[in-house]
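Given next are the chains, with one letter for each unit.
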Amino acid sequence: MREVFLRIASATLVGLAFAAVLLGCDQGTPPAPSPPAPAAPSVAIVQETPSAPQTAATQATVVPTPVPAPMFTPVQPAPTASVTPEPVVTQVAMETPTVRPTLSPTTVSAPSPPNTPVPSGEPTPAPTSTPIPSTPTPVPPTPTPTVDPSVPPHLRHMDQKRLMLELINVERTGAGLQPVAMGDNAAAQLHAEAALEGCFSSHWGLDGLKPFMRYSLAGGYQSSGENVHGSDYCITEADNYRAISDIEDEVREAMVGWMNSPGHRRNILRPKHRRVNIGLAWDRYNFKAVQQFEGNYVEYEGVPTLENGILTISGKMKNGVQFQDERDLLVRINHDPSPRQLTLGQVSRTYCSRNGLHVANLRPPETGDRIYFRDEITRRVDGSACPDPYEVSADAPAARSHDEAHALWQEAYDASQRPVQDETLVLAMLTASEWRIDGNTFSVNADIGGLLNTRGSGVYTIVLWAPLNGEDTVVSTYSLFVDDLPEPGGHAAVVSEIPVSDGPPAERHIEVKRRMLGVINEERDAAGLIPLGLGENAAAQLQAEASLAGCFSSHWDLNGLKPYM
């Protein structure tokens, strides 16, 4: 026993973790590296996540770690800029009983029409790269920052993040909008670090996750929209580019690029945003930036859960969201296949992504004067021209230069602008067993086991619409990762549930961790060793949660990362 605890102590040092319940684009032009010699090239990308209603049959654009246990661990980073504005969603009317007229579908304005890549405007041209002169003027390069793992992701590089927040709010106040506050969701920072390490810039991650999936895995459940800045190529000294000399200049240049790109600009100036999560990562030649805007209109009693096929949603609306009757709450379900690992060659051929396939709507229970005659409806919706990385060969070569990266980006952008045929969606209309609206509080329970059996495993994203200032608006998106499904006829789906973030990972289950620390130090004391203190590194907690979600126990994780990585 003593030997076991000593091994644990020496292996983990100060990182202790306990797993709680774990549930579980559009790209602009690539950004350019900073100049003195040819400045390194850069790109801007835009992606949308649902924040405004979309017809039941409409798909919005949005952007998790692979299933069965999606783990939110940084993938190798890469320089790129991307934006994910709130996806345009067209509200699909719930079928009402014959006694009452059927609600007409209402289209709520969004950054771009449903199922179309964001941004709708022309891409921002990438800066022209120029080789370093033969006798360059020496410029002291900006050193690569050392990431202190004891600092939670959302608190890293705070000086630079405050500058970006200031620049964002200068633009918003200049447009007559309320400023946004700094958020604490870790997804943006982890995605920026993954992009720098992996030499990519996309709303997709190398783990196959889209923005809204990463956001959910980091504990987010509001509406959200992502902007990304960077390039799908890592510049090195051998490329003969000037090193970055001033990070604040890079922050300002990223904002200029986003504001000159229609889709990114719309995301920054979306009136319903209330907070922004910022991610920044850089080395001597490459700079990555991610903005993930979010609303703040719902407060769950507990995030949506799925147990034995029963979906449970309850909470209250706030900040201007008002219910007049039970039909003011709209609940839709989107589905994505289970995320799979992607290669750099696949990710570099993306421009935008969809919010998932709209597969079902929930509706209130039948009553004496409300009877339903159909369990599904058919809708024609705009098709999506977003290039799908899963349709690209995993052997597709990655860019060998910034110019090649920009050419691949341009091809993906051009493909996203081509006209596509409309799609026909068959939506399941699922009748809830409970649908309670009381003031601004709500509670919904529905058996969706049949939908799980039909659609299979994957990511089921719950999207809530509610009236905000007289307009139906997406107020919440939350992704549930369904890893395993029951035999036909059963409803016992095995689901990994994403918990609401309960503070930084290192602080979760702190009382239990302190008890384990006490046991460890008893063993160390008996062995004549000095006691250990409790560390703040998040890796142990995140690995424990990923292990629980993925049903594994190993020093390796499902992303292929080892402990020291």
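### Here's the deal with the nonpolar core
Nonpolar side chains tend to gather and get buried jointly when the protein is soluble and globular.
(1) Moving on: Among the nonpolar cores identified, the biggest contains 36 residues, and Met317, Ile333, Leu362 and Ile448 are the most heavily contacted of them.
(2) Moving on: If sequence neighbours within four positions are ignored, Met317 has contacts with Tyr297, Val298, Phe323, Leu329, Asn440, Phe442, Leu464, Ala466 and Val475.
(3) Moving on: In this structure, Ile244, Ile247, Met255 and Leu280 belong to the second largest nonpolar core, which totals 22 residues.

### What about the state of the cysteines?
(1) Moving on: This structure, assessed with the given rule, holds two disulfides.
(2) Moving on: The disulfide partner of Cys199 is Cys234, and the gap between their sulfur atoms is 2.1 Å. One disulfide, between Cys199 and Cys234, carries an S-S torsion of -105° and so falls in the left-handed class. Of the two residues, Cys199 is situated in the loop between helix H3 (187-198) and helix H4 (211-217) and Cys234 in the loop between strand S4 (224-230) and helix H5 (247-259); the sequence distance between them amounts to 35 residues.
(3) Moving on: Judged by relative accessible area, which is 14%, Cys234 ranks as buried.
(4) Moving on: Between the sulfur atoms of Cys352 and its disulfide mate Cys386 the distance is 2.2 Å.

### What about the side chain of Asn334?
(1) Moving on: Take Asn334: it is sitting in strand S9 (residues 330-336).
(2) Moving on: A polar atom in the side chain of Asn334 sits 2.9 Å from the side chain of Arg332.
(3) Moving on: Within the structure, the side chain of Asn334 is placed 3.5 Å from the backbone oxygen of Asn355, a separation counted as a polar contact.

### A short note on helix H11 (residues 539-550)
(1) Moving on: Over its twelve residues, H11 runs 16 Å from end to end, which matches the ideal 16 Å to within 8%, given 1.5 Å per residue.
(2) Moving on: Among the residues trailing H11, Cys551 stands out with phi positive, at a value near 55°.

### A few points about the pairing of strand S5 (residues 275-282)
(1) Moving on: Among the eight residues that make up S5, seven are buried, leaving the element largely enclosed by the rest of the structure.
(2) Moving on: Relative to strand S6 (residues 287-294), S5 is paired through eight bridges, and the arrangement is antiparallel. In the sheet register, Val276 faces S6, and the bridge partner there is Phe293.
(3) Moving on: The turn linking S5 back onto S6 is made up of four residues.

### Digging into the sheet that holds strand S7 (residues 298-307)
(1) Moving on: Strand order across the open sheet formed by four strands is S7-S8-S14-S13, with antiparallel pairing between neighbours. Of all the strands in the sheet, just S7 and strand S13 (434-438) have a single pairing partner and so form its edges. On average, each strand axis in the sheet is tilted by 5° relative to the strand beside it, whichever way the strands run.
(2) Moving on: Relative to strand S14 (residues 441-447), strand S8 (residues 310-317) runs antiparallel, the two sharing seven bridges. The residue of S14 that forms the bridge with Ile310 is Asp447.

### Thoughts on the pattern of salt bridges
(1) Moving on: Taken as a whole and assessed by the stated rule, the structure comprises 14 salt bridges.
(2) Moving on: Here Glu226 makes a salt bridge to Arg214, at a shortest N to O gap of 3.0 Å. Taken together, the residues span a long stretch of sequence, with Glu226 in strand S4 and Arg214 in helix H4 at a distance of twelve residues. The same class applies to Glu226 as to Arg214, namely buried.
(3) Moving on: Close ionic contact of Arg275 with Glu294 constitutes a salt bridge, the shortest N to O distance being 3.1 Å. Here the residue Arg275 occupies a position in strand S5, and Glu294 occupies one in strand S6, the gap between them amounting to 19 residues.
(4) Moving on: Classification of Arg275 by relative accessible area gives partly exposed; the value is 24%.

### Considerations on the environment of Ala192
(1) Moving on: With respect to the helices, strands and loops of the structure, Ala192 is situated in helix H3.
(2) Moving on: It is 5.7 Å that separates the C-alpha atoms of Ala192 and Leu280, two residues lying 88 residues apart in sequence.

Thresholds, definitions, all that
- Residues numbered from 1 in each chain as written.
- Predicted model: local features only at pLDDT ≥ 70, side-chain atom pairs only at ≥ 80, totals over all residues.
- Heavy atoms only, no water.
- Core = buried A, V, L, I, M, F, W, Y, C linked by side-chain atoms within 4.5 Å.
- Buried < 20%, exposed > 50% of the residue type's maximum accessible area, 1.4 Å probe, protein only.
- Contact = heavy atoms within 4.5 Å.
- Disulfide = S-S within 2.5 Å.
- Helix = DSSP H or I, 4+ residues; strand = E, 2+ residues; numbered from the N terminus.
- Polar contact = N/O pair within 3.5 Å; in protein donor to acceptor, adjacent residues only side chain to side chain.
- Expected span 1.5 Å × (residues − 1).
- Pairing = 2+ DSSP bridges.
- Axes fitted to C-alpha atoms, helices over the stretch in contact; angles between N-to-C directions.
- Salt bridge = Lys/Arg side-chain N within 4 Å of Asp/Glu carboxyl O.

Bear in mind that shape data such as this cannot, by itself, settle questions of function.
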